[in-house]
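Spelled out from the first residue to the last, the chains are:
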Amino acid sequence: EDKVVQSPLSLVVHEGDTVTLNCSYEVTNFRSLLWYKQEKKAPTFLFMLTSSGIEKKSGRLSSILDKKELFSILNITATQTGDSAIYLCAVEASGTYKYIFGTGTRLKVLA
Amino acid sequence: KAGVTQTPRYLIKTRGQQVTLSCSPISGHRSVSWYQQTPGQGLQFLFEYFSETQRNKGNFPGRFSGRQFSNSRSEMNVSTLELGDSALYLCASRMDLGGETQYFGPGTRLLVL
């Protein structure tokens, strides 16, 4: 059965720290991996990754995919309280085109 | 470009009733997916519609159903509501199937009493 596992489940850090969130997957015929940030309501899109080894960056956030080892990481440098959220990882399988979500990592950044 | 919109935003129902939720995708998007999110279970996939056809279905009972109209708007129906159906229902749209980014609406928070 296809599955996506995120770790850690929750994390508490102080402002200025750097965090690394993990997403591993077992999906038949991987097509793409997405990262989302969810604060109060709707998840907002961060990155889409399809190729191994190519880092995507947006400000203090970056992400990379390893298709051989079947995982992705999301890095946040110089964390701010506004980074406090649930970070979701989703993987799309070719064929079904269905996105499978992990349970998320709850990040809390303390001032 | 307007984002994904969902109505209503909040809803309170009692057990045994039925409910219909609506989702309007981003203009030009032909795929609409529905998810249920609860604190204990995370984001659970309900179904996906593309060009008025259900393309994928999650592991939910038959009380959960949906449809998509020719303008890509979608509705989700839950019949015979149970307390456990209380959740945030999220709709997401994407332009096409396969390799396309999925964008979420604000959600409908359903409370079943």
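What you are looking at is a predicted structure, and each value in this text was computed from that prediction instead of being measured.

Caption draft 1: Geometry of the nonpolar core. Residues and elements named next belong to chain A. Core analysis: the largest hydrophobic core is formed by 24 residues, its most contacted members being Val 4, Tyr 25, Leu 33, Trp 35, Tyr 87, Val 91 and Leu 107. Contributing elements (two or more residues each) for this core: strand S3 (19–26), strand S4 (30–38), strand S5 (44–49), strand S7 (61–66), strand S8 (71–76), strand S9 (85–93) and strand S11 (105–110). Broken down by element, the residue count for this core peaks at 5 residues, all from S9. Apart from the residues lying within four places of it in its own chain, the contact partners of Leu 33 are Cys 23, Tyr 25, Phe 47, Met 48, Leu 49, Leu 65, Ser 72, Cys 89, Ala 90 and Val 91.

Caption draft 2: Looking closely at a nonpolar patch on the surface. A surface patch of nonpolar side chains, amounting to about 310 Å² of accessible area, comprises Ile12(B), Leu111(B) and Leu113(B). Along the chain, Ile12(B) turns up in strand S2 (residues 10–13).

Caption draft 3: Representation of the pattern of salt bridges. Per the stated rule, a full pass over the model turns up 9 salt bridges over all chains. A salt bridge links Arg60(A) to Asp83(A), with the nearest nitrogen and oxygen atoms 2.8 Å apart. Separated by 23 residues along the polypeptide, Arg60(A) in the loop between strand S6 (56–58) and S7 and Asp83(A) in the loop between S8 and S9 bring together distant segments of the chain. Where Arg30(B) meets Asp96(B), a salt bridge forms, and the shortest distance between an N and an O atom there is 3.2 Å. Of this pair, Arg30(B) sits in the loop between strand S3 (19–24) and strand S4 (31–38) while Asp96(B) is found in the loop between strand S9 (87–94) and strand S10 (103–104), placing the two residues 66 residues apart along the sequence. Among the residues examined, Asp96(B) registers a relative accessible area of 28% and is labelled partly exposed. Taken together, the shared-partner salt bridges connect Glu92(A), Glu48(B) and Arg94(B) into one network.

Caption draft 4: Geometry of the sheet that holds S7(A). All names here are of chain A. Strand order in the open sheet formed by 5 strands is S1-S3-S8-S7-S6, and the pairing between neighbours is antiparallel. Where the open sheet ends on each side, the last strands, each with one partner, are strand S1 (3–7) and S6. Averaged over all adjacent pairs, the angle separating strand axes in this sheet is 15°, with direction ignored. In the sheet, S1 pairs with S3 via 5 bridges, with the strands oriented antiparallel. When the sheet's bridge partners are listed, Val 4 is paired in S3 with Tyr 25.

Rules used throughout
- Residues numbered from 1 in each chain as written.
- Chains lettered and ligands numbered in written order.
- Predicted model: local features only at pLDDT ≥ 70, side-chain atom pairs only at ≥ 80, totals over all residues.
- Heavy atoms only, no water.
- Core = buried A, V, L, I, M, F, W, Y, C linked by side-chain atoms within 4.5 Å.
- Buried < 20%, exposed > 50% of the residue type's maximum accessible area, 1.4 Å probe, protein only.
- Helix = DSSP H or I, 4+ residues; strand = E, 2+ residues; numbered from the N terminus.
- Contact = heavy atoms within 4.5 Å.
- Patch = residues over 30% accessible without salt bridge, like charges linked within 9 Å, V, L, I, M, F, W, Y side chains within 5 Å.
- Areas by Shrake-Rupley, 256 points an atom, 1.4 Å probe, with all protein chains shown as cover.
- Salt bridge = Lys/Arg side-chain N within 4 Å of Asp/Glu carboxyl O.
- Pairing = 2+ DSSP bridges.
- Axes fitted to C-alpha atoms, helices over the stretch in contact; angles between N-to-C directions.

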